[in-house]
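Structural features, examined
Okay, here's what each chain looks like letter by letter:
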Amino acid sequence: MLNVVITGANRGIGLALAKQYLAKGHKVYALCRNSSDELNQTKAIVIDNVDVANIDSLQYSLEKVSTISIDILINNAGVLADESLNNMSAITIDYQFRVNALGPILVTQILKDQLGSGAKVALITSRMGSVADNTSGGRYGYRMSKAALNSAGVSLAHDLKPFGVAVALLHPGYVQTEMVNHNGDISANQSASRLMQRIDELNLDNSGTFWHANGEVLPW
């Protein structure tokens, strides 16, 4: 049985991951700002009031998992604002940076001593953070924050490798979640299943790779 810690686990991909890891007999610590009825009905250990954007409270809010050994840490919490050159806000861009880029790194830093040799860290990023793959523009804050997360994820892979910890940067696909008004092309359950397969295949040799959940290696 593995100890799996998932941020943003109250809905969408995070909830689907929690359910599927539980179904495999693992122990899931479901972190979120606010829990949901659906999450509460699972056997996950729910830890709410975890706001990855709140730097001042993050250390305190993670104390409830400070005594466990973590086998898999999935930094899933994320936020998207639909911005264009003519319609964007420094406030929303800053918030996306704090949630999408800074939050996952701080969570990993706070919990790093609980990641023993053989542990795995998954960063749920997006191909929209790929510079080479940007063919449509827009979404400034989201693209910038995910590109920053990708860069930080490669550094994490280098820094954690001596401790036997592997890091994956994972694009979940275009998933039918509330974040995109359920306009995706695959379900959260399908995405979660693919993400779990990529995490299962993660090792020190392929640590730091930017993967699509379907197994494709994505361009930076």
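As shown above, the structure is provided for reference.
All of the points below concern the structure found in this document. On a predicted model such as this, the values are computed, not experimentally measured, just so you know.

So, about the sheet that holds strand 6 (residues 166–171). Pairing between the strands of a sheet comes from backbone hydrogen bonds, and it takes one of two forms, parallel or antiparallel. Spatially, the seven strands line up as an open sheet ordered 3-2-1-4-5-6-7, and their pairing is parallel. Pairing within the sheet leaves two strands with one partner each, and these edge strands are strand 3 (45–47) and strand 7 (210–212). Averaged over all pairs of adjacent strands, the angle between their axes in this sheet comes to 20 degrees, without regard to strand direction. Note that strand 4 (residues 70–75) and strand 5 (residues 115–124) share five bridges and pair parallel. When the sheet's bridge partners are listed, isoleucine 70 is paired in strand 5 with leucine 115.

Let us look at unusual backbone geometry. Working note: non-glycine residues mostly have negative phi, and peptide bonds are mostly trans. One non-glycine residue, asparagine 49, lies in positive phi territory at about 65 degrees. Position of asparagine 49 among the secondary structure elements: in the loop between strand 3 and helix 3 (55–61). Residue asparagine 49 is classed as exposed on the basis of its relative accessible area of 56%. Phi at arginine 139 takes a positive value of approximately 50 degrees, unusual for a residue other than glycine. The topology assignment puts arginine 139 in the loop between strand 5 and helix 5 (140–160). Its relative accessible area of 25% is what places arginine 139 among the partly exposed residues.

How each quantity is defined
- Residues numbered from 1 in each chain as written.
- Predicted model: local features only at pLDDT ≥ 70, side-chain atom pairs only at ≥ 80, totals over all residues.
- Heavy atoms only, no water.
- Pairing = 2+ DSSP bridges.
- Helix = DSSP H or I, 4+ residues; strand = E, 2+ residues; numbered from the N terminus.
- Axes fitted to C-alpha atoms, helices over the stretch in contact; angles between N-to-C directions.
- Buried < 20%, exposed > 50% of the residue type's maximum accessible area, 1.4 Å probe, protein only.

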